[in-house]
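Report on the structure
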Amino acid sequence: MDNRTQQDFEPKIIAFVCTWCTYAGADLAGTSRMQYPSNVRVLKFPCTGRIDPVFILKAFQQGADGVLVSGCHPGDCHYIAGNFHARRRFAAFRKLLEFIGVDLNRLQFSWVSAAEGGKWVEVVTDLTEKVRTMGPMVEFKELALEEQWSGAIDTPELKEAYNAI
Amino acid sequence: MNNHAALDTSIYTAVTEAIRVEAQRILSEGQVTAVIGYAASRRKGSARPVIATDAVAADKLIFTAACVNNLAVYLTKAKKDIHKGGKIGIVVKGCDLKALIGLMGESQLKREDLYLIGVPCSGVLGSTMQPATELTTATIAPKCCECDVHQPTGCDFIPSVTVPSTPQLEGKYSAEIARLEALTPAERWSYWKEQFAKCIKCYACRQVCPFCFCEQCLCDRNKPQMVDSTPRPSGNTAWHIVRAMHLAGRCAGCAECERVCPMDIPLNLLNRKMAKELKELYDYESGLEVLEKGPLNSFAEKDDQSFIK
Amino acid sequence: MQNFISEQNLNVLLEQLIKSGKRVVAPRVNSGTPLYEPLSASGEMDLKELPRRSAKEAFFPVCEDILSYEKVGLNVKLSDVDPARFPETVLVGVRPCDAAAIPVLDAVFSWDYKDQFYLERRRKTTIVGLACTSSDDACFCSGVGLSPSTTKGSDLFLTPLEGGGYVCETYSQKGEDLVSNYKELFVDTTSAKPLPLAEVRTETFDLKKVKAWLDNNFENSYWDGIAISCVGCGACAFVCPACHCFDIVDEGAEKKGQRRKSWDACGFWKFTHHASGHNPRDLQPKRYRNRIMHKFKYYDDKFSQTLCTGCGRCIRVCPVGIDIATIVEEISHK
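Residues numbered from 1 in each chain as written. Chains lettered and ligands numbered in written order. Predicted model: local features only at pLDDT ≥ 70, side-chain atom pairs only at ≥ 80, totals over all residues. Heavy atoms only, no water.

1. Describing helix α2 (residues 53–61) of chain A
For an α-helix the count is 3.6 residues per turn, leaving residues at separations of three or four pointing the same way. All names here are of chain A. Heads up, the rule is: When a residue's accessible area, from a 1.4 Å probe over protein chains only, is under 20% of the maximum for its type it is buried; when over 50% it is exposed; and in between it is partly exposed. Secondary structure elements are defined from DSSP: runs of H or I of at least 4 residues count as helices, runs of E of at least 2 residues count as strands, and each element is numbered from the N terminus. Polar contact is the term for a pair of N or O atoms within 3.5 Å; when the atoms are in protein, one must be able to donate a hydrogen and the other to accept it, and sequence-neighboring residues count only if both atoms are side-chain atoms.
Counting buried positions along α2 yields eight of nine residues, so the element is predominantly enclosed. Those residues of α2 not exposed but buried are Pro53, Val54, Phe55, Ile56, Leu57, Ala59, Phe60 and Gln61. At the N-terminal boundary of α2, the capping side chain belongs to Asp52, with an oxygen 2.9 Å from the backbone nitrogen of Val54. Note on α2: the residue one or two positions beyond its end, Gly63, has a positive phi of about 110 degrees.

2. Comments concerning the environment of Ala197 of chain B
The condition is simple: The contact definition used throughout considers only heavy atoms, calling two residues in contact when any of these lie within 4.5 Å.
Structurally, Ala197 of chain B can be placed in helix α6 (residues 185–197). Residue class for Ala197 of chain B comes out partly exposed when judged on its relative accessible area of 26%. Separated by 37 residues in sequence, Ala197 of chain B and Ser234 of chain B have C-alpha atoms that sit 8.3 Å apart. Contacts of Ala197 of chain B, omitting those with residues within four sequence positions, involve Gln148 of chain A together with Pro233 and Asn236 of chain B.

3. Re the interface of chain B and chain A
Defined as follows: The quantity reported as buried area is the accessible area (1.4 Å probe) lost by two parts once they are put together, taken as the sum for both. Each salt bridge in this description consists of a side-chain nitrogen of Lys or Arg and a carboxyl oxygen of Asp or Glu lying within 4 Å of one another. Residue classes follow a fixed rule: Ala, Val, Leu, Ile, Met, Phe, Trp, Tyr, Cys and Pro count as nonpolar, while Asp, Glu, Lys and Arg count as charged, and any other residue, Gly among them, counts as polar.
Listed as interface residues are 50 residues of chain B and, on the opposing side, 42 residues of chain A. The contact between chain B and chain A buries some 4300 Å² in all, and 65% of this surface belongs to carbon and sulfur atoms. One can count five salt bridges joining chain B with chain A. Put simply, Lys309 of chain B and Asp126 of chain A hold a salt bridge, and the shortest N to O gap is 2.9 Å. Remark: the boundary between chain B and chain A carries 21 residue pairs in polar contact (both at pLDDT 80 or more). Contributions of two or more residues to the side of chain B that touches chain A are made by α5 (172–181), α6, α8 (233–247) and α10 (267–282) of chain B. Examining the composition of the side of chain B that touches chain A, we find that nine residues originate from one element, α8 of chain B, more than from any other. The residue makeup of the side of chain B that touches chain A, split by class, is 31 nonpolar, seven polar and twelve charged.

4. Details of the pattern of salt bridges
Residue and element names in this part refer to chain C. The tally for this structure, following the rule as stated, stands at 48 salt bridges over all chains. In this structure, Lys256 and Glu70 form a salt bridge, with 3.4 Å as the shortest nitrogen-oxygen distance. In this pair, Lys256 sits in strand β12 (residues 256–263) while Glu70 sits in strand β4 (residues 63–72), placing the two residues 186 residues apart along the sequence. Across the salt bridge formed by Lys124 and Glu120, the nearest N and O atoms sit 3.4 Å from each other.

5. Concerning the packing of α6 of chain B against α8 of chain B
All names here are of chain B. Condition: Every axis corresponds to a line fitted to the C-alpha atoms, with the helix fit spanning only the stretch in contact, and the corresponding angles, defined between N-to-C directions, vary from 0 to 180 degrees. Relative orientations are named as follows: roughly parallel for angles under 35 degrees, roughly antiparallel for angles over 145 degrees, roughly perpendicular for angles from 65 to 115 degrees, and oblique for any other angle.
At a minimum axis separation of 9 Å, α6 and α8 run at an interaxial angle of 105 degrees. Of the possible angle classes, the one that applies to α6 and α8 is roughly perpendicular. Between α6 and α8, the contacting residues are Trp189, Phe196 and Ala197 on the first element and Pro233, Asn236, Thr237 and His240 on the second. When grouped by side-chain class, the residues that make up the contact of α6 with α8 number four nonpolar, three polar and no charged.

6. Overview of the layout of surface pockets
Note the threshold: Each cavity reported here is a set of points on a 1 Å grid over the protein atoms alone in which a 1.4 Å probe fits but cannot get out, each pocket an open set with protein on both sides within 12 Å along at least five of seven lines, and each lining residue one with an atom within 4 Å of a point. Grid points are joined across faces, edges and corners, and a volume is the space filled by probe spheres set on the points.
Volume-wise, the largest pocket comes out at about 1000 Å³. Forming the boundary of the largest pocket are 43 residues, of which Arg206, Gln207, Glu215 and Asp220 of chain B together with Trp269 of chain C lie nearest the centre. At the level of elements, α7 (204–207) and α8 of chain B together with β11 (246–252), β12 and α9 (284–303) of chain C are the ones that each hand at least two residues to the lining of the largest pocket. Sort the elements by how many residues they give to the lining of the largest pocket and α8 of chain B lands first, with four residues. For the lining of the largest pocket, the residue count by class is 20 nonpolar, eight polar and 15 charged.

7. Things to note about the sheet that holds β4 of chain C
All names here are of chain C. This is how the line gets drawn: Pairing between two strands is assigned when DSSP locates at least 2 bridges connecting them.
Pairing is antiparallel in the open sheet, where four strands are placed in the order β5-β4-β12-β11. The open sheet terminates on both sides in strands that have one partner only, identified here as β5 (75–80) and β11. Between one strand axis and the next, the sheet turns by 25 degrees as a mean value, whatever way the strands run. Direction of pairing for β4 relative to β5: antiparallel, over a ladder of six bridges. Looking at β5, one finds that Tyr69 is bridged to Leu78.

8. A look at empty space enclosed by the protein
Enumeration according to the criterion identifies eleven cavities of 30 Å³ or more in this entry. Taken as a whole, the largest cavity encloses approximately 190 Å³ of empty space. Forming the walls of the largest cavity are 18 residues, and the residues nearest its centre are Cys230, Cys236, Tyr288, Cys318 and Ile322 of chain C. A per-element tally of the lining of the largest cavity places α9 of chain C first, with four residues. Looking at the lining of the largest cavity, its residues break down into 13 nonpolar, three polar and two charged. For the second largest cavity, the calculated volume is near 160 Å³. Around the second largest cavity sit 18 residues that line it, and Ser46, Ala47 and Thr128 of chain B together with Ile315 and Gly321 of chain C are the ones nearest its centre. Looking at the lining of the second largest cavity residue by residue, the class counts come to nine nonpolar, five polar and four charged.

9. Remarks on the pairing of strand β2 (residues 40–45) of chain A
Residues and elements named next belong to chain A. The condition is simple: Look down the strands so they point away from you; if going from the first strand over the helix to the second traces a clockwise path, that crossover is right-handed.
As judged from the six bridges shared by strand β1 (residues 13–18) and β2, these two strands associate in the parallel manner. From the neighbouring strand, Ala15 faces β2, where its bridge partner is Val42. For the segment spanning β1, helix α1 (residues 22–31) and β2, crossover handedness is right-handed.

10. With respect to unusual backbone geometry
The residue after Lys223 of chain B, namely Pro224 of chain B, is reached through a cis peptide bond having omega 0 degrees. Following the sequence through the fold, Pro224 of chain B ends up in the loop between α7 and α8. For Arg33 of chain A, which is not glycine, the phi torsion reads 60 degrees and is therefore positive. Its place among the elements puts Arg33 of chain A in the loop between α1 and β2. A residue is classified by how much of its surface remains accessible, and Arg33 of chain A, at 72% relative accessible area, is exposed.

11. Side note on the domain arrangement of chain B
All names here are of chain B. Put simply, the rule reads: The source of the domain bounds is an automatic or database domain assignment.
Annotation of chain B at the domain level lists domain 1 (11–145) and domain 2 (172–297). Put simply, the middle of domain 1 and the middle of domain 2, counted by C-alpha atoms, are 24 Å apart. Tallying the contact residues gives 30 residues for domain 1 and 26 residues for domain 2. The junction of domain 1 with domain 2 conceals about 2200 Å² of combined surface from both sides, 61% of it contributed by carbon and sulfur atoms. Linking domain 1 with domain 2 are one salt bridge, by the criterion used here. A salt bridge links Arg250 to Glu106, with the nearest nitrogen and oxygen atoms 2.9 Å apart. Counting every contact that joins domain 1 to domain 2 gives four residue pairs in polar contact (both at pLDDT 80 or more). Looking at the side of domain 1 that touches domain 2, the elements that each hand over two or more residues are α3 (94–105) and α4 (142–145). Among the elements that line the side of domain 1 that touches domain 2, the one with the most residues is α3, at ten residues. In terms of residue class, the side of domain 1 that touches domain 2 is built from 15 nonpolar, ten polar and five charged.

Quick look at the structure:
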């Protein structure tokens, strides 16, 4: 399905971050002219408590090779307890994904504060390199190509359309 | 022939009789406006949920091994056309009672609005496609093999019969979860892929679930469309992951989702897996005590965060 | 025309059909569940049980693409699915209750609008029916005027013989072509007797009376009583050989995606939910009433046919044990 080779494979990393800590931390990394992989696409949320597990699913379905969820350190939440709730939710969700057969090495969680530009660089670089060695995430993408037998037809146009995801 | 032993369901005659007498009494005394229970229907051995509003209907109530439904679903917001106010009587097995307790914890029901008729239960069938099937160690619902509430407690009325001691049954879910956990991620993925591919999105799993009481399901929304609505392997997988996640820490283990699946997808495996994880992580288990908060809408500062950088 | 084919030769026939590039769809067991599915080898066929889903999906798939779209600059590029790509199919081992539903569906899919997706698949499919030798108390084909040996809808019809093998009767050009293309596999005579057919319920429904009552009782408290326990899933409609409602949705991203058609069911709350927020069938009894009305009145009004073949699937899978045979019987005695 995926004809990108290991050499020219650039992982797509989606980062769901909270606006108060990690987004500001990433901003700090940028304004401090720190270098980090451009593979990461940042999506800003009010709080990690707002990040629904279904967003992670959607990211994988739309072609992400790795996902990062990052927010304020425990005790620092702008909304007092959003990240505590998120911590439990994601602890449970990763167990579910693991049981379904998703390799958890593609999913990273972190606490990055507004002052931790360096940590942001480290987390993003680590995840990107880890996913790079793992290669493209093909499971969800291959699933998108599959049909119930009764609806399956051999149309090259459709196959091509899917491949472009 | 395999050595599948028949199970003792002899108490169900006495249970049926007791349910009828009690239902007639509370209806005629005006204690309740209706009793939700089971009655026989045309097919041999079959039972279906009924809402008895008078003594004549109450005299038709039964309890048999085919009384599989979790009637708690009829008290939820999703079925609001039934519960029109007033106190309601409901026949509950131990597993169904756990669901009612869970719904009370989620402020969906008030204990004082219910008259609980608890059923001492030695097990029900795993499938009612052929309701006349005899209850044996092979046909019993897998949930009954791991049941710890054969004798419910905390009800307004419980027939005074003793549940015969059941033979030690193999815990099918724990064995199957252990088997899957021992596989590689790729092997697990292909297992679930095959299962979810069969799904036709009839949503029977959602509709019978007492905890799926959202008036509009996330998966029925299209702005934004978080989960593809068509019954293709991709949208099916997303749906079943979302379903399992939304029930994590809430599911009471009635296994209705799995029983009703016309495509035989082992849905309760996902629910049991999540229950197992939440037990390990937060020492939470669904039970017979009303809890104000479940494991995923509460937290502790010392919660494990070894998976977070 | 009557012929005979041995068990072994039927397998050879399926193998040769598969080899010739035809899609052979027959009952097989998919991780424990009997379903009509394409065979990769004749040995996969398993005729013991009635498949959980009906044979309608060979013509009316669970889900299919109708077109794909892509935004190119300011324009949108549309690519239609080309029905010419639908595979030539032989549907084998179809029970009479499933086969009989197909001519019923033909009426609605070739009525005012000619549904090329359905009709093209239909044109390319040969249906090999199979007389029914097993039943349970959910079956009621005899109640709606059919029987375990009804040949309606079949191009070629097989009746199992004692000790294996089948009597083959052809009922259309397609059936005759199939036999003549592989005539070395068929023989003219056999001494074996046919297997006894499935037992059927003895009472039949007076469908005229049912319709007459339905004509006058759109509003009736009977509906509340029968459907109060209905939980509003689509299991009954999805396993039904005759239900044919579908939904059309666009799926994909903003830039590109597919328009898809997939099964829908009148039991769903969302089925009649208007964009305004209003829902004319706001309560489950109204939705269930539509199911009965469509099957025994509306379809009769429009096409003079009954939209039910008595396969009993909806009775077996209903999560809450709603029994359509009981309902029709009750109505017929009103």
